[in-house]
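Results of the structural survey
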Protein chains: 2
Amino acid sequence: MAKITQPSILAGFMELLPQDQIQFNRIRDIVQKNYQNFGFLPLDTPILEKSEVLLTKEGGETERQVYRFEKGSNDISMRFDLTVPLARYTAQHYSDLSFPFRRYQIGKVYRGERNQRGRYREFYQADIDIIGDQTLDIANDAEIPTVIYNIFKEIDIGKFTIRLNNRKILNGFYQFLGISDTTEVLRQVDKMDKIGLQGVKEELKNIGLDEDQVEKILDFVGIEGTNKQTLDQLRDLNIDNETFSQGLDEMETVLAYLEDFAVPEDYIKFDLSIARGLDYYTGTVYETMIDDHPEIGSVCSGGRYENLASNYINRQLPGVGISIGLTRLFYQLKEADLLKEEKASITDVLVIPFDGFIDEALKLVGQLRKENIPAFAYTEEGRLGKKLSYADSLNIPYTILIGEDEVQTGKFSLRDMETGDQENLTLDQTVQKIKN
Amino acid sequence: MAKITQPSILAGFMELLPQDQIQFNRIRDIVQKNYQNFGFLPLDTPILEKSEVLLTKEGGETERQVYRFEKGSNDISMRFDLTVPLARYTAQHYSDLSFPFRRYQIGKVYRGERNQRGRYREFYQADIDIIGDQTLDIANDAEIPTVIYNIFKEIDIGKFTIRLNNRKILNGFYQFLGISDTTEVLRQVDKMDKIGLQGVKEELKNIGLDEDQVEKILDFVGIEGTNKQTLDQLRDLNIDNETFSQGLDEMETVLAYLEDFAVPEDYIKFDLSIARGLDYYTGTVYETMIDDHPEIGSVCSGGRYENLASNYINRQLPGVGISIGLTRLFYQLKEADLLKEEKASITDVLVIPFDGFIDEALKLVGQLRKENIPAFAYTEEGRLGKKLSYADSLNIPYTILIGEDEVQTGKFSLRDMETGDQENLTLDQTVQKIKN
């Protein structure tokens, strides 16, 4: 007897049972279909890349997590996101691409993170980006939340909100106030819930801001209301700064375009508190929250950047994009009990032949498949009960028994596995019934 | 200015331009759709596995090619096929699975092969397997060539032939003759083209076979004709061996079931020369050849095996399966100029607004997408000619110009980019036209 190795996978890796995998794939397929419906081109870069190309920036948390190894004379890294490969790809194939270059990529990425619940070391990202050659129109910034709206609407996760902001509004505002260390200011403002308005005022003065600066900041962070109201209040601040005005104009335009795209206003929230890291993004930024599950955090994030591939090419390639972390999203939706179609099945019909009727069963299966009805025959020996419970365990919605009677009459006994109802139907009737 | 790193990928890795990627995905989608139509469940195991689990058998060419490395305290290997992970998965999740367990998996695998044209170190495999618990009916052996027939018919690669054999016929035949070293016999028989019938006879006698053995062997390897004729001639050999008879019965049954499945006979060839390695497969074996391109070799191969997961579980799990090497297949089809749809496009319509009509363009784009017509607007500035050639470079079949006239009349000027024809159509007419 061969030595038995205990079968298991590495810690921090997701592996699903078929039932969950069907649900995962349903979500992935919705994402892909919508990306394609928006005219994004598919891309599939290698999972392994040259370390010198992938790790152009030294250090950083992400880079420490990289799976990196040598084979032969190659120093190899596994990609840790889809953005760096996109930058490399766009630079490498620049002359073969048409700009704006709209691409999507859905693929696995790898990060050797500390092992913790709901965090995976291998996970799917589903990215879209629109890359311009030197310039990129602001209309593209409205494409991104539109596709995201369509996707989450179709996945059907309940009410969600896409939060938008524009980094230029934030940068311009603090520039106007003559404040360079915005991080410290934001840190103090964040204490509002704890220490109250008066406390924050004190703290801001303590870090050296004058009365007028403090008032402006508190006016700014206190802005709320509809998207239109937020715009109006920002204009009323009379901030005489070009970056600020540009950001405001961009936001107004993006909101107008979202209306053109018929995205309902209550799914879109102009939210001044969204910043998305201070370096990379330079214009519109996005986060997406499930209204009833704020604990999940943002389920997809992204924004506008000024230069995609400066590490690889001497040409400015501005872009706007967003990334959905599919593996984590799936985990979270499952945890929050937000997955639809609990009884998912690939197969619509299991055909069960009585003894001696396999030929007829296979003929019928072939006919059903021709009608694009996923079906197969259960041809193993055994009691009928066992066969029916096989269908049941796979959540197959219909079974058809086939034997002497069925062959004689040309009618099949179609059983609805949910209700237990049975009907005698011709092939055409069977096909109709199942398709409905 | 930042240091520019030369953007490139590792040798032996495939990366496609969008146009080719669309074609690749078309093939992958056909494979997946057919697998699902046959009721195979999706699986997605990790690309990284524990080395101790993945590499249970020591040595071997494949294992030397494995990408293996350490991270933290983990000894990690990248999967080199989808069969070993399937064995591990089936054993690990045995009690959660329903048997027969029908699964497909389409994913990347890794082999550090010597770098050569048309061979890739990262490549897609698209596998199906049907795993039984202790037994598995022979009808399953007919499922495999049926799905393969449907797939290659739909990919539309020209006439192809699925070659079938059964290892029991070969084993039983040589058992009956009392020959244990079949490898040596097959080696001599293979010289037929070079040294002729008489030469082979001599060589077989030289390795110690008697007159009767040699005659039987030459009768056996000389058998040809229709599948029915091959069966009849094998029966006429009067080989009194149980394994042989069982193999013959199985083959006869599989051929009959393929008829039930309405697979045309000229796509199926019972071919005694197919062996598919001597160890792993124990029953039906498959190869698939493109008739006009024998130089490509088999585009998908597989067979019946007795025990999937003996390294991981003390339970006999017989199965039957097949694997399509998608990356290599794509490379070969492209080389042989067998790819269809040369002008592949994700997008059906590019909407081009005249100055000041972006809002109207986006509204139209939203309406087209709602009708599941992939579309987007070209909103960058520039001359009309540049915009039309953008559509052209992406092979987008239609463009719509939108400006004052179109908004006034509610009719859009739809341009067929292939013919250059232009028509003024309402939205409904536009949708109809594009869908046809």
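Our subject is the structure listed above.
Residues numbered from 1 in each chain as written. Chains lettered and ligands numbered in written order. Predicted model: local features only at pLDDT ≥ 70, side-chain atom pairs only at ≥ 80, totals over all residues. Heavy atoms only, no water.

1. Some details on the relation of the copies chain A and chain B
Placing chain A over chain B gives an RMSD of 0.1 Å and needs a rotation angle of 180 degrees, together with 0.0 Å of translation along the axis. The operation mapping one copy onto its partner corresponds to a two-fold rotation axis. If distances are taken from each C-alpha of chain A to the rotation axis, the shortest is found for Phe69(A), at 3.1 Å. With an isologous cut-off of 70% or more, the 99% of interface residues of chain A that recur at the interface of chain B puts this contact in the isologous class. (Least-squares fit on C-alpha atoms with pLDDT ≥ 70 in both. Contact = heavy atoms within 4.5 Å.)

2. Re the sheet that holds strand S2 (residues 48-50) of chain B
Residues and elements named next belong to chain B. Taken in spatial order, the three strands line up as S2-S4-S3 in an open sheet, and their pairing is antiparallel. At either end of the open sheet lies a strand with only one pairing partner, and these are S2 and strand S3 (68-71). Averaged over all neighbouring strand pairs, the angle between strand axes comes to 40 degrees, with direction disregarded. Where S2 and strand S4 (residues 74-78) come together, three bridges link them in antiparallel fashion. Considered in S4, the bridge of Glu49 is made with Ser77. (Pairing = 2+ DSSP bridges. Helix = DSSP H or I, 4+ residues; strand = E, 2+ residues; numbered from the N terminus. Axes fitted to C-alpha atoms, helices over the stretch in contact; angles between N-to-C directions.)

3. Remarks on helix H12 (residues 326-335) of chain B
Along an α-helix, residues three or four apart share an orientation, since each turn contains 3.6 residues. All names here are of chain B. Most of H12 is tucked away, with seven of its ten residues classed as buried. Taken together, the buried positions of H12 are occupied by Leu326, Thr327, Leu329, Phe330, Tyr331, Gln332 and Leu333. A positive phi of about 60 degrees marks Asp337, the residue just after H12. (Buried < 20%, exposed > 50% of the residue type's maximum accessible area, 1.4 Å probe, protein only.)

4. Observations regarding the interface of chain A and chain B
In this assembly, 101 residues from chain A lie in contact with 101 residues from chain B. For the chain A and chain B pair, buried surface summed over both sides reaches about 8600 Å², with 57% attributable to carbon and sulfur atoms. Summed over the shared surface of chain A and chain B, the result is six salt bridges. Between Asp44(A) and Lys108(B) there is a salt bridge whose closest N-O contact spans 2.9 Å. For the interface between chain A and chain B, the tally reads 34 residue pairs in polar contact (both at pLDDT 80 or more). Per-class residue counts for the side of chain A that touches chain B are 53 nonpolar, 26 polar and 22 charged. (Buried area = accessible area lost by both parts, 1.4 Å probe. Salt bridge = Lys/Arg side-chain N within 4 Å of Asp/Glu carboxyl O. Polar contact = N/O pair within 3.5 Å; in protein donor to acceptor, adjacent residues only side chain to side chain. Nonpolar A, V, L, I, M, F, W, Y, C, P; charged D, E, K, R; others polar.)

5. Focus: the sheet that holds strand S12 (residues 349-353) of chain A
Residue and element names in this part refer to chain A. With mixed pairing, the five strands of this open sheet are ordered in space as S13-S12-S14-S15-S16. Strands with a single pairing partner mark the edges of an open sheet, and in this sheet they are strand S13 (375-377) and strand S16 (422-425). The sheet shows a mean angle of 25 degrees between the axes of neighbouring strands, direction not considered. Packing against the sheet, helix H14 (residues 384-393) makes contact with S12, S13, strand S14 (398-402) and strand S15 (412-416), and its axis sits at approximately 170 degrees to S12.

6. Side note on the pairing of S16(A)
All names here are of chain A. Summarising the sheet, S15 and S16 pair through four bridges and their orientation is antiparallel. Looking at S16, one finds that Ser413 is bridged to Asn424. In textbook terms, the turn of a hairpin is the stretch between consecutive antiparallel strands, and for S15 and S16 this stretch comprises five residues, one of which, Gly420, has a positive phi near 85 degrees.

7. Regarding the side chain of Asn227(B)
Residues and elements named next belong to chain B. With respect to the helices and strands, Asn227 occurs in helix H10 (residues 227-236). Of note is the side chain of Asn227, whose polar atom sits 3.0 Å from the backbone oxygen of Ile268. If we ignore the near neighbours within four places in the chain, the residues touching Asn227 are Leu255, Glu265, Ile268, Lys269 and Phe270.

8. Quick notes on the packing of helix H8 (residues 192-206) of chain A against helix H9 (residues 211-221) of chain A
All names here are of chain A. Look at H8 against H9: their axes get within 8 Å of each other, and the N-to-C directions meet at 150 degrees. The orientation of H8 with respect to H9, classified from their angle, is roughly antiparallel. In this structure, H8 uses Met192, Leu197, Val200, Lys201, Leu204 and Lys205 to contact H9, whose residues at the interface are Glu211, Val214, Glu215, Ile217, Leu218 and Val221. Partitioned by chemical class, the residues of the contact of H8 with H9 number eight nonpolar, no polar and four charged. (Parallel < 35°, antiparallel > 145°, perpendicular 65-115°, else oblique.)

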